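Descriptive analysis of the structure
Listed below, chain by chain, are the residues.
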Amino acid sequence: MEDTRVRSHVNTWFLSGYTEEARSLSVRKPSNYIKTGSAALMFDYVPFFRDTLLKLKFGTQDRMHAMIQNRDSIVDWAREAVWSGWHVSCSCKIGADNDPMAVLDPECRVRGVEGLRVVDASAMPSVIAANTNITTIAMAEKVADIILSTPS
């Protein structure tokens, strides 16, 4: 069942993978910081750039729709593209009320959805330079304290 309240916030979806190119961008150096930072800004604020880059790097949604019809192609893609060592974060940003890119308010409540909070690495507003585990635990403990101290 599709929730139109959520659907209205989805601007695109795509198949990604951990390629050599992605691996090389994860090396901490100034040029990668500039590349990834400027790309992130353009992704957020220049839809044409985002759409063009996603099609160029990941293909069209036609491939995804075809894969849905064929389990073997999904398995093949997973074997080729999925890598378990990268800590994904920052896809559901926490931020101030005036931040148009912030999906979550400062108490990790999903804006526009009653009774739903997200408390995991996706809520991080920017990529941290450390393992995400302890940071995620600290976030969860803080939000648990907020929930427990909020009158019902």
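The structure reproduced in this document is the subject of the present report.

Reading the values: the criteria
Along each chain, numbering runs from 1 in the same order as the chain's sequence is written. It should be noted that, the model being predicted, local features are given only for residues of pLDDT at least 70 and side-chain atom pairs only at 80 or more, the latter also being counted only at that level, while totals for whole chains, interfaces and linings use all residues. Heavy atoms from the whole structure form the basis of all side-chain values; hydrogens and water molecules are not counted. Comment: elements are numbered from the N terminus, with helices defined as DSSP H or I runs of at least four residues and strands as E runs of at least two. Each polar contact in these results corresponds to two N or O atoms within 3.5 Å; when the atoms are within protein, one needs to be able to donate a hydrogen and the other to accept it, and residues that are neighboring in sequence are counted only if both atoms are side-chain atoms. What makes two residues a contact is simply this: any of their non-hydrogen atoms within 4.5 Å. The working definition used for a salt bridge is a side-chain nitrogen of Lys or Arg within 4 Å of a carboxyl oxygen of Asp or Glu. When a residue's accessible area, from a 1.4 Å probe over protein chains only, is under 20% of the maximum for its type it is buried; when over 50% it is exposed; and in between it is partly exposed. What is meant by a nonpolar core is a set of buried Ala, Val, Leu, Ile, Met, Phe, Trp, Tyr and Cys residues, joined one to another through side-chain atoms within 4.5 Å. Aromatic pairs are defined between Phe, Tyr and Trp rings, using the six-membered ring for Trp, whenever the two ring centres lie within 6.5 Å; interplanar angles under 30 degrees are classed as stacked, those over 60 as edge-to-face, and all others as tilted.

Mapped onto the fold, Asp105 is located in the loop between helix H6 (71-81) and helix H7 (132-149). Within the structure, the side chain of Asp105 is placed 2.8 Å from the backbone nitrogen of Glu107, a separation counted as a polar contact. Each residue touching Asp105, except ones within four places of it in the same chain, is listed here: Ile94, Gly95, Asp97 and Arg111.

For the coordinates displayed, the defined rule picks out five salt bridges. Linking Asp97 and Arg111 is a salt bridge whose minimum nitrogen-to-oxygen distance equals 2.8 Å. Of this pair, Asp97 sits in the loop between H6 and H7 while Arg111 sits in the loop between H6 and H7, placing them 14 residues apart in sequence. When the shortest N-O distance is used, the salt bridge between Glu107 and Arg109 registers 3.3 Å. With a relative accessible area of 28%, Glu107 lands in the partly exposed category. Look at the salt bridges and you will find they share partners, linking Asp105, Glu107 and Arg109 into a network.

This part covers the nonpolar core. Cys92, Leu104, Val110, Val113, Val118, Ala121, Ala123, Met124 and Met139 together form the largest nonpolar core, which totals nine residues. Excluding residues within four positions of it along the chain, Val118 makes contact with Cys92, Leu104, Cys108, Val110 and Ala123. Listed in part, the five residues of the second largest apolar core include Leu15, Met67, Trp77 and Ala81.

What follows concerns the packing of aromatic side chains. As enumerated under the stated definition, the model contains one aromatic pair in all. Seen from their ring centres, Phe43 and Phe49 are 6.2 Å apart, and the 75° between their planes marks the pair as edge-to-face. Classification of Phe49 by relative accessible area gives partly exposed; the value is 23%.

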